[in-house]
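Spelled out from the first residue to the last, the chains are:
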Amino acid sequence: MELKMFNFIEEVIDNLEELKDELQNDAKDLAIYFEDLLENINDGDISVNSRVKSSSSLREKIIRNNYYKKYKSGEDIILNLSDLIGVRIECRFIEDEMKIYKLLKKIFNKKDTNGYHYNSLNKNIKLELSSKQPQEQKNGFEIFRIDGIYETNHRTIKFELQIKSLVNIFWGELEHKIIYKNNNYRLADGFLKELMGSIKKNLAMIDNQLLMIYNQFKDTNSIDPMIRKSQLEVFLSKIIYEIFSAKMKDSIGFGVDFKKSCDTIMKYIFRTSNAENLEEYNKTILKTIDRLNSISKNHVNFNKEIEFERDIHFEDDFSNKIGSILLSLINSEFQWNLFFRILFEIELGNNAEDFETFINFIRNRFYENNSFYKLQEVFNEEEFINIQNSIMLTIADSFEAVDSIEFIYDDKIEEVNEAISSFIDFICENIDTYEEWIKTNNVGLNLLYYKVLSIFNCKIETYRVKDIIEEIKECNLKIEISKSIFKYIDKLDDMDRIKAEEAIKFFKVDL
């Protein structure tokens, strides 16, 4: 059975193909329009190019941004896609980018009711010029990227206008083709970098190259063993990505970025193999290399539901909640389907058993937080277990609310563990008896919940925040209401949801 999302994606692509000729004409019209606008300052060093988003690029964007969850039809996506058409003004120097932007602000000097700016000579082409420019990208670099709309006789189309100098055009191409694809996998050792080129040319020969790396790793004594281990894990994660990225394109015709999922899978492999000493670590490396070499020669079908050989069993409430959520998503959410497909391909054997092992792995990433030992100094064994389980279930509730594979990424797990540690410190400093915990745990656990959600930039219902504020007023927990709430107090009744990071500021507590 095919995953439902692929039917939706094909509907979007069909809509795109039906409109392709019209969109190409619209793109040309926009390019000509901006060329004419800039004619007076153009000495041959400014050009304008346009393009319509390709089918493969649109497929990747639908999955990356979960558009199959946000929109009901292919037409909705087409009409709401901010960069369906891309227009790029190319200039010579970086300082020219700002000059052109300022000129556009002078030309587009009228403002409509929706906040878009236009020129009275042509009201059909509008730009959003109120946002700060240039914008800062995730990589820290700046770019002039402006949203626009083009009202034609048939429909209103959104487009994206970029202003780029020659240097930034070159950098963009370099980043996209080389740095963007590899920026999470820069390695310190030169010998690893030298081998990357040959490995990319022929993945079927991966066994030989990785064995060479492994042997050099084993013979290198000048680097700290933990650093060498970390580098090799990163390298193997990179190879997993390269192999499955190629397999994905062969199977479904396009690829997405799943590098961080590969990092998590590598950590899972080494942790569940009990590779603590060098001998076991080396065995795990060889086993993984051998398996990757086999996968590189085989076909992997990405357009197929994952099946289990038997019912899944869980050991505790946390595992049951997390596991049940993942089972409901594994064949409906592409990133989860991809994650477990890769994991099950690498870990030969029983899918049900591997799934259970992975849930235990995630559980232990939180359960083994060293801060839990502090609770044992304050409470007896039974009380400690109850409090620990309450904290773990709060993390499980957070996982459900976040609804993103990012929750299992290593950097996010570390942040969640830091929140748990801070919460445990708060308990130890402010609660002396289990009876006090029973009376105040709802407030504390909700604040922990808010903190975890803030890590993922989530929102929470305002009624929950107001309930906690009222509960704090009635209980003896040493938490004060922050003055920052006063700027929200009149708005809370009119807001359904509020950012978790803002809600946590309402309370004077160090979490």
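Just above sits the structure.
The sections below set out a description of the structure shown in this document. (Residues numbered from 1 in each chain as written. Predicted model: local features only at pLDDT ≥ 70, side-chain atom pairs only at ≥ 80, totals over all residues. Heavy atoms only, no water.)

1. So, the overall build of the chain
Heads up, the condition is: To qualify as a helix, a DSSP run of H or I must reach at least 4 residues; to qualify as a strand, a run of E must reach at least 2; elements of each kind are numbered from the N terminus. The buried label applies to any residue whose accessible area, calculated with a 1.4 Å probe on protein chains only, is under 20% of its type's maximum; exposed applies above 50%, and partly exposed to all values in between. Should any heavy atoms of two residues lie within 4.5 Å, those residues are counted as being in contact. Here the open area of atoms and residues is found with the Shrake-Rupley method and a 1.4 Å probe, where only the protein chains shown may cover a residue.
Check the secondary structure of the chain and you find 20 helices and 12 strands. In the chain, buried positions account for 51% of the 511 residues. Taking as baseline every contact in the chain between residues at least 6 positions apart, the subset at least 24 positions apart corresponds to 72%. For the chain, the accessible surface area stands at approximately 26,200 Å², while carbon and sulfur atoms represent 44% of it.

2. Some remarks on the pattern of salt bridges
Worth spelling out the cut-off: Put simply, a salt bridge is a Lys or Arg side-chain nitrogen that is within 4 Å of an Asp or Glu carboxyl oxygen.
Going through the model one piece at a time under the given rule, you end up with 26 salt bridges. Asp83 is the salt-bridge partner of Lys61, the closest N and O atoms lying 2.8 Å from each other. Taken together, the residues Lys61 in helix H2 (residues 55-64) and Asp83 in the loop between helix H4 (74-80) and strand E2 (85-91) connect sequence positions 22 residues apart. Look at Asp83 and you get buried, because its relative accessible area is 8%. Glu242 is the salt-bridge partner of Lys238, the closest N and O atoms lying 2.3 Å from each other. Taken together, the residues Lys238 and Glu242, both in helix H9 (residues 225-252) and four residues apart, mark about one turn of the helix.

3. With respect to the side chain of Thr264
Short version of the rule: Polar contact criterion, stated in full: a pair of N or O atoms within 3.5 Å, where within protein one must be able to donate a hydrogen and the other to accept it, and residues adjacent in sequence count only if both atoms are side-chain atoms.
Within the secondary structure layout, Thr264 lies in helix H10 (residues 259-272). For Thr264, a relative accessible area of 4% corresponds to the buried category. Reaching out from Thr264, the side chain makes a polar contact with the backbone oxygen of Ile408 at a distance of 3.2 Å.

4. Let's talk about the side chain of Lys247
What counts here: The convention is simple: Lys and Arg are positive, Asp and Glu are negative, and His and the chain ends are not counted.
Looking at the element boundaries, Lys247 is found in helix H9. Of the side chains with opposite charge, Asp250 lies nearest to the buried Lys247, which makes no salt bridge, at 5.4 Å. Residues in contact with Lys247, not counting those within four places in the same chain, are Ile295, Ser296, Lys297, Asn298, Val300 and Phe302.

5. Here we look at the nonpolar core
This is how it is decided: What is meant by a nonpolar core is a set of buried Ala, Val, Leu, Ile, Met, Phe, Trp, Tyr and Cys residues, joined one to another through side-chain atoms within 4.5 Å.
The biggest cluster of nonpolar side chains holds 144 residues, and the ones touching the most others in it are Phe34 and Ile391. When residues in this core are grouped by element, the largest group, 15 residues, is from helix H1 (residues 4-37). In contact with Ile391, not counting residues within four places along its chain, are Phe372, Leu375, Ile420, Phe423, Ile424, Ile427, Leu445 and Leu448.

6. Re the packing of aromatic side chains
For clarity, the threshold we go by: When the centres of two rings from Phe, Tyr and Trp lie within 6.5 Å, Trp using its six-membered ring, the rings pair. Their planes under 30 degrees apart give stacked, over 60 give edge-to-face, and anything left gives tilted. Consider the ring centre and the ring normal. A charge sits over the ring if Lys NZ or Arg CZ is within 6 Å of that centre and within 35 degrees of that normal.
Within this structure, the stated rule accounts for 26 aromatic pairs. Ring geometry for Phe308 versus Phe344: centroids 6.0 Å apart, planes at 80°, classification edge-to-face. One end of the pair, Phe308, is in the loop between helix H11 (278-297) and helix H12 (317-329); the other, Phe344, is in helix H13 (residues 334-346), and 36 residues separate them in sequence. Take Phe308: its relative accessible area is 24%, and that puts it in the partly exposed class. For Lys126, the ring lying beneath its charged end belongs to Tyr118, and the centroid distance is 5.6 Å. Note that Arg363 overlies the ring of Tyr367, its terminal NZ or CZ placed 4.0 Å from the centroid.

7. Thoughts on the packing of H12 against helix H16 (residues 381-402)
Heads up, the condition is: To define axes, lines are fitted to C-alpha atoms, for helices over the stretch in contact only, and angles between the resulting N-to-C directions are given on a 0 to 180 degree scale. Oblique is the label for any angle not covered by the other classes, which are roughly parallel (under 35 degrees), roughly antiparallel (over 145) and roughly perpendicular (65 to 115). In the scheme used here, Gly and all other residues not listed as nonpolar or charged are polar, with Ala, Val, Leu, Ile, Met, Phe, Trp, Tyr, Cys and Pro taken as nonpolar and Asp, Glu, Lys and Arg as charged.
Relative orientation of the contacting elements H12 and H16 amounts to 10°, with a least axis distance of 9 Å. The angle between H12 and H16 places the two elements in the roughly parallel class. Residues Asp317, Phe318, Lys321, Ile322, Ile325 and Leu326 of H12 lie in contact with H16, whose contacting residues are Met392, Leu393, Ile395, Ala396, Asp397, Phe399 and Glu400. Here the contact of H12 with H16 is built from residues that sort into nine nonpolar, no polar and four charged.

8. Side note on the packing of H13 against helix H14 (residues 351-367)
Put simply, the rule is: Helix crossings fall into two classes, left-handed where the near helix is turned counterclockwise from the far one by less than a right angle and right-handed where it is turned clockwise.
Where H13 meets H14, the closest approach of the two axes is 10 Å, and the angle between their N-to-C directions is 115°. As judged from the angle between their axes, H13 and H14 are roughly perpendicular. In this structure, H13 meets H14 at a crossing whose hand is right-handed. Across the interface between the two elements, Phe339, Phe340, Leu343 and Phe344 from H13 touch Asn351, Asp354, Phe355 and Phe358 from H14. Partitioning the contact of H13 with H14 into residue classes produces six nonpolar, one polar and one charged.

9. What about helix H5 (residues 94-107)?
To be explicit about the condition: Expected span of a helix: the number of residues minus one, times 1.5 Å. Starting at the helix axis, one direction is taken to each C-beta atom, and the arc is that of these directions.
The end-to-end C-alpha separation of H5 is 21 Å, in line with the 20 Å expected for 14 residues at 1.5 Å each. Listed as buried for H5 are Asp96, Glu97, Ile100, Tyr101, Leu104 and Ile107. The arc that holds the buried residues of H5, viewed along the axis, is 140°, so those residues lie on one side. The exposed residues of H5 that point more than 90 degrees off its buried face are Glu95, Lys99, Lys102 and Lys106.

10. Some details on the environment of Lys72
Of note, Lys72 is situated in the loop between helix H3 (67-70) and H4. Taking relative accessible area as the criterion, Lys72 reaches 82% and is therefore assigned exposed. As for Lys72 and Phe8, which are separated by 64 residues in sequence, their C-alpha atoms are 8.9 Å apart.

Function cannot be inferred from these measures alone, as they are strictly geometric.
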